[in-house]
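Listed here are the chains, written in short residue letters.
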Number of protein chains: 2
Amino acid sequence: MAKKTAAPTMKDVAQEAGVALGTVSKVVNGIPVGKSYQKKVEAAIKKLDYRVNSYAKGLKAGKTYTAAFLVPDTLNPFFASLTYYINKALAKRNYRMLLCSTEASPEMEQIYLDMALQNKVDGIISLSYNEALKIQADTPLVTIDRHISPAIPCVASDNFGGGKMAVRELRRLGCKRLAYLSIGSPLPNEATKRGEGFLSACTEYNIPYEMLRLLDGAPFSDFTDFLTQHTTDGVLDFDGIFCVTDHLAKQIITFLRSQGHRVPEDVQVIGFDGMRDFATGEYLCSTIVQPIEQIAEVSVELVLSEDWSKAPPLVSLPVRYVSGGTTKE
Amino acid sequence: MAKKTAAPTMKDVAQEAGVALGTVSKVVNGIPVGKSYQKKVEAAIKKLDYRVNSYAKGLKAGKTYTAAFLVPDTLNPFFASLTYYINKALAKRNYRMLLCSTEASPEMEQIYLDMALQNKVDGIISLSYNEALKIQADTPLVTIDRHISPAIPCVASDNFGGGKMAVRELRRLGCKRLAYLSIGSPLPNEATKRGEGFLSACTEYNIPYEMLRLLDGAPFSDFTDFLTQHTTDGVLDFDGIFCVTDHLAKQIITFLRSQGHRVPEDVQVIGFDGMRDFATGEYLCSTIVQPIEQIAEVSVELVLSEDWSKAPPLVSLPVRYVSGGTTKE
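Keep in mind that this is a model prediction, so the values were computed, not measured. (Residues numbered from 1 in each chain as written. Chains lettered and ligands numbered in written order. Predicted model: local features only at pLDDT ≥ 70, side-chain atom pairs only at ≥ 80, totals over all residues. Heavy atoms only, no water.)

Caption draft 1: Structural detail: the relation of the copies chain A and chain B. Under the fitted operation, chain A is carried onto chain B by 0.1 Å of movement along the axis and a turn of 180°, and the coordinates agree to an RMSD of 0.2 Å. Both copies of the chain, as the preceding transformation shows, are related through a two-fold rotation axis. If distances are taken from each C-alpha of chain A to the rotation axis, the shortest is found for Leu98 of chain A, at 2.3 Å. Comparing contact sets, 100% of the residues at the interface of chain A also lie at the interface in chain B, consistent with an isologous, same-surface contact. (Least-squares fit on C-alpha atoms with pLDDT ≥ 70 in both. Contact = heavy atoms within 4.5 Å.)

Caption draft 2: Structural context of the packing of aromatic side chains. For the coordinates displayed, the defined rule picks out 20 aromatic pairs over all chains. Their ring planes at 75° and their centres at 5.0 Å tell us that Tyr84 of chain A and Tyr85 of chain A sit as a pair that is edge-to-face. Assessed through its relative accessible area of 5%, Tyr84 of chain A is described here as buried. On the numbers, 6.0 Å between centres and 90° between planes, the contact of Phe198 of chain B with Tyr209 of chain B is edge-to-face. Placement of Phe198 of chain B in helix α9 (residues 192–205) and of Tyr209 of chain B in strand β7 (residues 209–215) is noted, with a sequence separation of eleven residues between them. (Phe/Tyr/Trp six-rings, centres within 6.5 Å; stacked < 30°, edge-to-face > 60°. Buried < 20%, exposed > 50% of the residue type's maximum accessible area, 1.4 Å probe, protein only. Helix = DSSP H or I, 4+ residues; strand = E, 2+ residues; numbered from the N terminus.)

Caption draft 3: Quick look at the layout of surface pockets. Roughly 570 Å³ of volume is contained in the second largest pocket. Residue lining of the second largest pocket: 23 residues in total, with Glu103 and Met108 of chain A together with Lys88, Ala91 and Lys92 of chain B positioned closest to the centre. Breaking the lining of the second largest pocket down by element, the ones donating at least two residues are α7 (106–118) of chain A together with α2 (10–17), α6 (77–92) and α12 (292–303) of chain B. Of all the elements, α6 of chain B adds the most residues to the lining of the second largest pocket, at seven residues. By residue class, the composition of the lining of the second largest pocket is ten nonpolar, five polar and eight charged. (1 Å grid on protein atoms, 1.4 Å probe; cavity = no way out; pocket = protein on both sides within 12 Å on 5 of 7 lines; lining within 4 Å. Points joined across faces, edges and corners; volume = space filled by probe spheres on them. Nonpolar A, V, L, I, M, F, W, Y, C, P; charged D, E, K, R; others polar.)

Caption draft 4: Fine view of the sheet that holds strand β1 (residues 66–71) of chain B. If you walk across this open sheet you meet the twelve strands as β13(A)-β5(A)-β4(A)-β3(A)-β1(A)-β2(A)-β2(B)-β1(B)-β3(B)-β4(B)-β5(B)-β13(B), and the pairing is mixed. Pairing within the sheet leaves two strands with one partner each, and these edge strands are β13 (314–317) of chain A together with β13 (314–317) of chain B. Adjacent strand axes in the sheet meet at a mean angle of 25°, parallel and antiparallel pairs treated alike. Where strand β4 (residues 141–144) of chain A meets strand β5 (residues 154–157) of chain A, two bridges bridge the pair, whose relative direction is parallel. Residue pairing in the sheet places Thr143 of chain A in a bridge with Cys154 of chain A of β5 of chain A. Packing against the sheet, α12 of chain B makes contact with β3 (123–126), β4 (141–144), β5 (154–157) and β13 of chain B, and its axis sits at approximately 160° to β4 of chain B. (Pairing = 2+ DSSP bridges. Axes fitted to C-alpha atoms, helices over the stretch in contact; angles between N-to-C directions.)

Caption draft 5: Looking closely at the environment of Arg213 of chain B. Residue and element names in this part refer to chain B. Within the element layout of this structure, Arg213 appears in strand β7. Taking the C-alpha atoms as reference points, Arg213 and Lys46, separated by 167 residues in sequence, lie 56 Å from one another. For Arg213, the residues in contact, after removing those within four places along its chain, are Tyr180 and Ser182.

Caption draft 6: The arrangement of the pairing of strand β2 (residues 96–101) of chain B in detail. The buried fraction of β2 of chain B is high, at six of six residues. Of the two faces of β2 of chain B, the one carrying Arg96, Leu98 and Cys100 of chain B and the one carrying Met97, Leu99 and Ser101 of chain B are both buried. Here strand β2 (residues 96–101) of chain A pairs with β2 of chain B via three bridges, running antiparallel. When the bridges of β2 of chain B are listed, Met97 of chain A appears paired with Leu99 of chain B. Pairing analysis gives six bridges linking β1 of chain B to β2 of chain B, with the strands arranged parallel. Each bridged residue has a counterpart across the sheet, and for Ala68 of chain B the counterpart in β2 of chain B is Leu98 of chain B. Regarding topology, α6 of chain B serves as the crossover connection from β1 of chain B to the parallel β2 of chain B, and that connection is right-handed. (Right-handed = clockwise from strand over helix to strand, strands pointing away.)

Caption draft 7: The arrangement of the packing of α2 of chain B against helix α3 (residues 21–28) of chain B in detail. Residues and elements named next belong to chain B. The geometry of α2 relative to α3 is characterised by a closest axis approach of 8 Å and an angle of 110° between their N-to-C directions. One finds that α2 runs roughly perpendicular with respect to α3. Crossing of α2 against α3: the hand is right-handed. Contact with α2, carried on its side by Met10, Lys11, Val13 and Ala14, involves Leu21, Val24 and Ser25 of α3 and no other residues of that element. (Parallel < 35°, antiparallel > 145°, perpendicular 65-115°, else oblique. Left-handed = near helix turned anticlockwise from the far one by under 90°.)

Written out as structure tokens, the structure reads:
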């Protein structure tokens, strides 16, 4: 995979040929250009051994150079970022992307899948909530964060390791009593492993803890009620909280501060995802950062691979901790 | 246009036929379903006069039911939101969307356009930075926020009116000396009208003002130098600032506060776009809100219209002011 990733790009060909990027694009896409340009570009392609696989594949019938990406929406910054990097990883390989916002609805997902199959896409990457996705066995499908079946490769961050990492960091920073807060799909998915990692590390280090795991649709007041019940004489029972996402962490921090709890002085909070404020570039909170760009790259690489059916059922990518001001360091 | 927008959806057909949405999708896409279902769906389509145009069009050769959306990226929340609503507006009409992240590079735009044309898309919606976009005259193209030529319809917020609105609001809230700060493309585009509206209203109301309009690539220190130069004995010369985007407004507010200026007590700041914090749902700052959903809907409606070539050169959609805590109300 490393070899393919480092393959020459269209830009390299343009530079080698001494022509504009657009000229290379035209040649690659079979749009007429001046003969001397055509020759220069073809020579550069040959010299750099540019995208030999894509070229060879192009000769086979039925290739569309199109892949579909199913994602609940692009309003969530994590999804928006993933969309961007998958688009980029596909474009690098001369692939177009069909964007399918599914609203996390199984029916919409099936509709988009049918649409995608009708258009004979070469592959589908899906951040899916649909357990019962019906799909032709011969269309390469890669899921992100959610297992559909052992036969379908799934790419995800090391969620279990990330959960353990959050506990280790909070412990290092002096926390003595922890809480884990989550909200998510009732379906089995990779994100639930964050809580399992939390549990495993708390047990390993013998740290007292509480867990509140809600299902999508639960009101936010379930969290605030829980936190209020765990407050004695104005002091929160926890000095460290790990939240399943940065999104939830930010909501929890806002609530805690509104109740007079100081973050990080009284209680330290760690989220998960690694989202940054768009304007300032700062992390929203201390967080376990997902390698979004790598998730995108690996998903695209797998779904377009000739050996898709031999891909491993789960590719787990490493996460890292960064302080974003809601922990002591 | 209003009539088309209110046309029955696939959901309506499903309800009318008493079948699942996926069944309607299959029938519409020519995928086999049980005979009794086929009949029910066809009857409902007929009764509701569902998407008669799309159906008729489908019979013509060469329709792909695919439209391309060219956008610099989906990392910017405004672009991400626009991507979401355009995707939704297309899906409502059974159209797929090719997402093309252009990185605001004219060359990438041309490459994507060539790709899109090769794939014979039925229309292209572009948030383009490329003045010299070469495009076949018969491929419907609608631009957002940027005029390419009078022959190509452009959909935009009422940017001029929004600039005036910001001044009127700041004046109403007691501001006596205003500044306008912007950064953007050197190419003529709709956003420059925000500054023109600001200028027009300051002149009309006889309010003293300064304007600093930077080009993309200028360092942020150009803004901070300007603000520092306009500070006398720790007091800022301005008590009201209008910024070309919420993104810039947020950066400016962060800087002002770091210098000990209180927002909104000492200086009130209004941005443009209407972005909200994803976690809390709150506006990032007081702002002129763009009608993103309407921009998406109108763009899609225009680009898929049979009368595309008769579309007006500019469709200007109304904006509104909301207080987001960086003005006194």
